[in-house]
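# Notes for the structure review
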Amino acid sequence: SENEWKPVDFKNITNWVWMTLDYQGGKWDLRKKNIFGTETHFDFEIEESWAKYDFLYKGERLKGQLHLKGTIDLTLEIDENTLEFVDYKTGSRLDWSSGDVKTYHKLHTDNQLLTYYYAGKKLYPNKEILVSINFIRDGNIYTLCFDNETLEKSKKLFKNTFENLQECQLPILIDPTHKDFRC
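Residues numbered from 1 in each chain as written. Predicted model: local features only at pLDDT ≥ 70, side-chain atom pairs only at ≥ 80, totals over all residues. Heavy atoms only, no water.

This brings us to a nonpolar patch on the surface. On the surface, a nonpolar cluster with roughly 290 Å² of combined accessible area is contributed by Trp-5, Ile-13 and Val-17. Looking at the element boundaries, Trp-5 is found in the segment before helix H1 (7–26). (Patch = residues over 30% accessible without salt bridge, like charges linked within 9 Å, V, L, I, M, F, W, Y side chains within 5 Å. Areas by Shrake-Rupley, 256 points an atom, 1.4 Å probe, with all protein chains shown as cover. Salt bridge = Lys/Arg side-chain N within 4 Å of Asp/Glu carboxyl O. Helix = DSSP H or I, 4+ residues; strand = E, 2+ residues; numbered from the N terminus.)

Here you go:
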């Protein structure tokens, strides 16, 4: 590995694995689950007119169509018609940009979870998709059921983010004293 692993890293990873296996009396023990895939990669074109781009970058013209890329930690097969995407978080259940606790309600608008659902419906259009997020240290697992309305919400998120990025000239720090790293 290119990483330098220390004994504390091994200890932390071992603890996270056992916390996950033991949670709720072993309900989430992966040895009892039907694993459909691990580290599932997705990369597909957003087939919307707003997703076309054409701009100059360092004197070179770049043209194309926006792609959505990512990796899903774990995919479980619940039954022949249903897949569940599971994302694991070792940190606390806080939104890093606001510091607010990610409640069940707020998770329904979480960019990552909306993206996973959208990707799931693209990858497996004939399957029902559940999305779960496991906050290992916080001892909370949330499973969300989305629908076609969520697909539209996802597209709107992608469009707004893409349009904002196209308008951005240079990132500007929120806090010029550098106490806050966000832009």
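Next comes the rest of the description.
It is worth spelling out the sheet that holds strand S4 (residues 67–79) at this point. Spatially, 5 strands are ordered S1-S4-S5-S6-S7 in an open sheet, and the strand pairing comes out mixed. Across the chains shown, the open sheet's two edge strands, defined by having one partner strand only, are strand S1 (35–45) and strand S7 (140–145). The mean angle between the axes of side-by-side strands here comes to 35 degrees, regardless of whether they run parallel or antiparallel. Bridge count for strand S5 (residues 82–89) against strand S6 (residues 128–135) is 8 bridges, and the pairing is parallel. Bridging across to S6, Lys-89 finds its partner in Phe-135. (Pairing = 2+ DSSP bridges. Axes fitted to C-alpha atoms, helices over the stretch in contact; angles between N-to-C directions.)

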